[in-house]
Amino acid sequence: SYVSGAAAYARRRLKRWSRPHRVPTPMVAQPARSWVQPEPLGTVLVIGAWNYPLQLTLAGAAAAISAGNCVVLKPSELAPATSAAIARLLPEYVDGDCVRVVEGSVPETTALLEQAFDHILYTGGGTVGRIVMRAAAEHLTPVTLELGGKSPCVVMPDADLETAASRIAWGKFTNAGQTCVAPDYVLTDAETERRLVPLIEKAIRSMFGDDPSASESYGRIINERHFDRLAALLEDGKLAVGGRSDRASRYIEPTVLTDVSPDSPVMQDEIFGPVLPVLRADDLDAAIAHIRRGDKPLSAYLFTRSSAAERRFVEEVSCGNLCLNDTMMFMAV
């Protein structure tokens, strides 16, 4: 699994990471010896996310523990069953003097952020990320923020469209779109859109059947607030695929929107749900220009058979992660 793999990776490399490293000594200091000595930061606060509440919380803890730190874990209150399981089970396997779990909501998180930690690791959205950053600044605490963003997916006319549709559908609609590195929207030209959208619809049926609400593989929206936010976005374009929803069960069907304006609400913030807008970009120049006008994306995707287009995309699109002719697979690396 993701967590055990991260822990095993750290264990295999601990000796190399933690040993002193000899460095050159200048002539003026001879015959001295010089080295760099790695040391733990101290106590690390790990604030977990709700969309993958086990792996994103425990993998961060594994990294901090492997560096010799004490850890305070704050699982997400939006995934209460997982939070309770972490609080119940983790003390059975780790030293309680070095690793503690704090459950709770905003008051508990606020109280934690008032403390002088030596490092804070937060996974989540930009709004809370700014709160964490401001609180950390009071103590000059370094932070690691893994945030979201509007991750673009560019599909060129020369791409293998059936493969592209399958991989886009998998990347977008896994976990009902509640994945930080999911393709947020598609950029393509009009003719490619005409051919691509039916193939995405076909891929959705292949993944979840004719009625995704009956599929054991298709999830639900985390809470009513997020459901209401996503349901409002269904009005921001033409419903080309899907569009059905049910507030009582927090179900939103895998949905593809076309005729989407770049100024519409669905294009202002990270969607983080099963709604895929398709925007027009006549060529790679237009697609790259659109991406560069916005904030730096967490991830970016390009589907093409052209090695020249791939080189341009890699050189001209700055992002946290980049994948060519697939989605999300860098997470396996």
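The preceding data block contains the structure.
Reading guide: rules and limits
Residues numbered from 1 in each chain as written. Predicted model: local features only at pLDDT ≥ 70, side-chain atom pairs only at ≥ 80, totals over all residues. Heavy atoms only, no water. Helix = DSSP H or I, 4+ residues; strand = E, 2+ residues; numbered from the N terminus. Buried < 20%, exposed > 50% of the residue type's maximum accessible area, 1.4 Å probe, protein only. Contact = heavy atoms within 4.5 Å. Areas by Shrake-Rupley, 256 points an atom, 1.4 Å probe, with all protein chains shown as cover. Lys, Arg positive; Asp, Glu negative; His and termini not counted. Charge placed at Lys NZ, Arg CZ, Asp CG, Glu CD. Phe/Tyr/Trp six-rings, centres within 6.5 Å; stacked < 30°, edge-to-face > 60°. Lys NZ or Arg CZ within 6 Å of the ring centre and 35° of its normal. Polar contact = N/O pair within 3.5 Å; in protein donor to acceptor, adjacent residues only side chain to side chain. Pairing = 2+ DSSP bridges. Axes fitted to C-alpha atoms, helices over the stretch in contact; angles between N-to-C directions. Expected span 1.5 Å × (residues − 1).

## Things to note about the overall build of the chain
Inference 1: In terms of helices and strands, the chain carries ten helices and 16 strands.
Inference 2: Overall size of the chain, expressed as C-alpha extent along the three principal axes, is 70 × 55 × 35 Å.
Inference 3: Burial statistics for the chain: of 333 residues in total, 43% are counted as buried.
Inference 4: Across the chain, contacts joining residues at least 24 apart in sequence account for 63% of those joining residues at least 6 apart.
Inference 5: Of the accessible surface of the chain, which amounts to about 17300 Å², a share of 53% is contributed by carbon and sulfur atoms.
Inference 6: In the chain, which carries 34 positive and 40 negative side-chain charges, the distance between the mean positions of the two groups comes to 7 Å.

## Regarding unusual backbone geometry
Inference 1: Following glutamine 30, the chain continues into proline 31 via a peptide bond in cis, with omega recorded as 10°.
Inference 2: By secondary structure assignment, the location of proline 31 is in the loop between β1 (21-23) and β2 (34-36).
Inference 3: In this structure, leucine 140 is a non-glycine residue whose phi angle is positive, near 55°.
Inference 4: Within the secondary structure, leucine 140 is located in the loop between α5 (126-138) and β7 (143-146).
Inference 5: Judged by its relative accessible area of 77%, leucine 140 falls in the exposed class.
Inference 6: Despite not being glycine, asparagine 175 has its phi angle at roughly 55°, a positive value.
Inference 7: Turning to its location among the elements, asparagine 175 is positioned in the loop between α6 (161-173) and β9 (185-188).

## As for the packing of aromatic side chains
Inference 1: Tallied over the full model, the rule gives five aromatic pairs.
Inference 2: Between the aromatic rings of phenylalanine 208 and tyrosine 218, the centroid separation amounts to 4.9 Å while the plane-to-plane angle is 65°, which identifies the pairing as edge-to-face. Taken together, the positions of phenylalanine 208 in helix α7 (residues 190-208) and tyrosine 218 in the loop between α7 and α8 (224-233) put the pair ten residues apart, joining distant regions of the chain. Each member of the pair, phenylalanine 208 together with tyrosine 218, is buried.
Inference 3: Residue tyrosine 218 is classed as buried on the basis of its relative accessible area, which comes to 4%.
Inference 4: Among the aromatic residues, ring-to-ring pairing joins Phe208, Tyr218 and Tyr251 into one connected group.
Inference 5: If you follow arginine 13 out to its NZ or CZ, it ends over the ring of tyrosine 9, 3.7 Å from the centre.

## A look at the side chain of glutamate 253
Inference 1: Turning to its location among the elements, glutamate 253 is positioned in the loop between β12 (251-252) and β13 (255-258).
Inference 2: Here glycine 243 takes part through its backbone nitrogen, which lies 3.5 Å from a polar atom of the side chain of glutamate 253.
Inference 3: Not counting chain neighbours up to four residues away, the residues in contact with glutamate 253 comprise Pro212, Tyr218, Gly242, Gly243, Arg244 and Pro274.

## Some remarks on the sheet that holds β9
Inference 1: Taken together, seven strands build an open sheet; the order of strands is β10-β13-β14-β9-β8-β15-β16 and the sheet is mixed. Edge positions in the sheet fall to β10 (238-241) and β16 (321-324), since each has one partner strand and no second. Ignoring which end each strand starts from, the neighbouring axes of this sheet average 25° apart.
Inference 2: Note: β10 against β13, three bridges, orientation antiparallel. Looking at the pairing, leucine 239 lines up with leucine 257 of β13.
Inference 3: Sheet contacts for helix α9 (residues 284-293): β8 (152-155), β9, β14 (275-280) and β15 (299-303); angle to β9, the most-contacted strand, approximately 145°.

## Details of the environment of histidine 21
Inference 1: Within the secondary structure, histidine 21 sits in strand β1.
Inference 2: Counting along the chain gives 187 residues from histidine 21 to phenylalanine 208, while the straight-line C-alpha distance between them is 53 Å.
Inference 3: In contact with histidine 21, not counting residues within four places along its chain, are Arg16, Ser34, Trp35, Val36 and Pro38.
Inference 4: A distance of 3.3 Å separates the side chain of histidine 21 from the backbone oxygen of arginine 19, its partner in a polar contact.

## A few points about the sheet that holds strand β4 (residues 70-74)
Inference 1: The parallel open sheet is built from five strands, whose spatial order is β5-β4-β3-β6-β7. The strands lining the two open edges of the sheet, one partner per strand, are β5 (99-101) and β7. Strand-to-strand twist across the sheet, computed as the mean angle between neighbouring axes with direction ignored, equals 10°.
Inference 2: On top of the sheet, helix α2 (residues 55-66) reaches β3 (43-47), β4, β5 and β6 (119-123); it is set at about 170° to β4, its chief contact.
Inference 3: Along the sheet, α5 contacts β3, β6 and β7; its crossing angle with β7, the most-contacted strand, is approximately 175°.

## Observations concerning α6
Inference 1: Its 13 residues give α6 an end-to-end C-alpha distance of 18 Å, which sits within 8% of 18 Å, the value for a rise of 1.5 Å per residue.
Inference 2: Looking at α6, one finds that the buried residues are Leu161, Ala164, Ala165, Ile168, Ala169, Gly171, Lys172 and Phe173.
Inference 3: Looking at the packing, one finds that the buried side of α6 touches β8, β9, α7, β13, β14 and β15.
Inference 4: Looking one or two places after α6, you find asparagine 175, whose phi comes out positive at around 55°.

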